[in-house]
Amino acid sequence: MTEIVTSIRELRSRLATARTNGSSIGFVPTMGYLHAGHARLIESARVETDNVVVSIFVNPLQFAPTEDLSTYPRDIDRDLRVIGDAGGDLVFVPSVEEMYPRPIATTVRVDGVSDGFESVARPTHFAGVATVVTKLFGIVGPCNAYFGEKDYQQLAVVRTLSGDLSLPVTVIGVPTVREADGLAMSSRNVYLTATERQAAPVLYRALCAGRDAIIAGETRTESVEVVITRVLASEPLFTPDYVAAVDATTLQRNDALDGNVRLLIAGRLGKPRLLDNLGVTVGAQSL
Ligand code: AMP
């Protein structure tokens, strides 16, 4: 049975009891409106840990005033079904007042991996994410925490903060779950019109073209980015914000590709911004 907890104190006490009984904790932070991508994170936690906690919190700190905080899609009843089916034990659904009873004076800022890419369009976003994730890790305590590769820069930010601050958390990246036509699942896909939805797989097609160019022997960063950009340009509804081939760990962009590479795309398709990425190892099979 999946149980809902709304207070920090109650969650801490439940997890303390679980730990006393020797249980390991798996933690899956989300903003709700769950889909099969979130379910995959929960399933991974289910397999690897004894007690699976899923949080649902639409974190105001990571939204700019112009963004969709008030209209972010929500459906708690459906979320509870998804969590139950995927094997979640406990759902933490705090109110904004529970998380931020007074204006928060502390901000966690992660240099380096936060820079560029998403931060160009959303300059305050990762500080909001890093702050809430640090707070959630403080609330949940020692655990395995599961994050999607779908938000690749976010995953790098979370890995970095957890390591830098020696938090007792093992951060685990889970591969992106896609629709049958390649579109990466996202809560914000609901904003797409029918025409935009048809156009949306262009991101994955473009990433695959970039990956194939690398597999065929291309190692110049710019050439791979040109291949990706050309495919994206075939779809006039999509306006790219960035296309980049970067080192998979540091997110640094070098002139020549080597080792584990991540291809990153983001841009606007109608109302929503869509992001996607794909891994490929230079001189080896694709990830
Ligand atoms: P969100 O609710 O959008 O904040 O996402 C919560 C977690 O689910 C994050 O770690 C995301 O990276 C992850 N996630 C979102 N979409 C997918 C997907 N299509 N496949 C795998 N993980 C995902």
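Further up the page is the structure itself.
Residues numbered from 1 in each chain as written. Predicted model: local features only at pLDDT ≥ 70, side-chain atom pairs only at ≥ 80, totals over all residues. Heavy atoms only, no water.

Engineer: Lay out helix H10 (residues 221-233) in plain terms, naming residues and giving numbers.
Structural biologist: Its 13 residues place the ends of H10 18 Å apart at the C-alpha level, agreeing with the 18 Å of an ideal helix rising 1.5 Å per residue. Every buried residue of H10 is accounted for by Thr221, Val224, Glu225, Ile228 and Leu232. What you see down the axis of H10 is that its buried residues fit within an arc of 100 degrees, all on one side. Turned more than 90 degrees away from the buried face of H10 sit Glu222, Arg230 and Ala233, all of them exposed. Against helix H9 (202-215), strand E7 (238-247) and strand E8 (260-269) lie the buried residues of H10. (Helix = DSSP H or I, 4+ residues; strand = E, 2+ residues; numbered from the N terminus. Expected span 1.5 Å × (residues − 1). Buried < 20%, exposed > 50% of the residue type's maximum accessible area, 1.4 Å probe, protein only. Arc of directions from axis to C-beta. Contact = heavy atoms within 4.5 Å.)

Engineer: Any chance you could break down the side chain of Asn51 for me, citing the residues and the numbers?
Structural biologist: Relative to the assigned elements, Asn51 resides in strand E3 (residues 51-56). Residue Asn51 is classed as buried on the basis of its relative accessible area of 18%. Filtering out sequence-adjacent residues up to four positions away, Asn51 remains in contact with Ala18, Ser23, Ser24, Ile25, Gly26, Arg46 and Asp89.

Engineer: Any chance you could break down the pattern of salt bridges for me, citing the residues and the numbers?
Structural biologist: Evaluation of the coordinates by the stated rule reveals 15 salt bridges. One network of salt bridges, in which partners are shared, links Glu3, Glu10 and Arg14. (Salt bridge = Lys/Arg side-chain N within 4 Å of Asp/Glu carboxyl O.)

Engineer: Hey, could you go over the site of the ligand for me, with residue numbers and the actual values?
Structural biologist: Neighbouring residues of the ligand: 17 residues in total, closest His38, Gly148, Asp151, Val177 and Met185. Met185 is positioned such that a nitrogen or oxygen atom in its backbone is 2.9 Å from a nitrogen atom of the ligand. Burial of the ligand by the protein amounts to 93% of the accessible area it has alone, namely 490 Å². Secondary structure elements with two or more residues in the shell around the ligand: strand E2 (25-30), helix H2 (36-48) and strand E5 (143-148). In terms of residue count, H2 provides more of the shell around the ligand than any other element does, three residues in total. The residue makeup of the shell around the ligand, split by class, is eight nonpolar, seven polar and two charged. (Near = heavy atom within 4 Å. Polar contact = N/O pair within 3.5 Å; in protein donor to acceptor, adjacent residues only side chain to side chain. Areas by Shrake-Rupley, 256 points an atom, 1.4 Å probe, with all protein chains shown as cover. Nonpolar A, V, L, I, M, F, W, Y, C, P; charged D, E, K, R; others polar.)

Engineer: Please set out the environment of Met185 residue by residue, giving values where relevant.
Structural biologist: With respect to the helices and strands, the residue Met185 is situated in the loop between strand E6 (169-174) and helix H8 (194-199). For Met185, a relative accessible area of 14% gives the class buried. Apart from residues lying up to four places away in sequence, Met185 is in contact with His35, Ala36, Gly37, Lys150, Val177, Arg178 and Glu179.

Engineer: Hey, could you go over the environment of Ser24 for me, with residue numbers and the actual values?
Structural biologist: One can find Ser24 in the loop between helix H1 (8-20) and E2. Along the chain, Ser24 and Gly210 lie 186 residues apart, while their C-alpha atoms are 40 Å from each other. Setting aside anything within four residues of it in sequence, one finds Ser24 in contact with Glu48, Thr49, Asp50 and Asn51.

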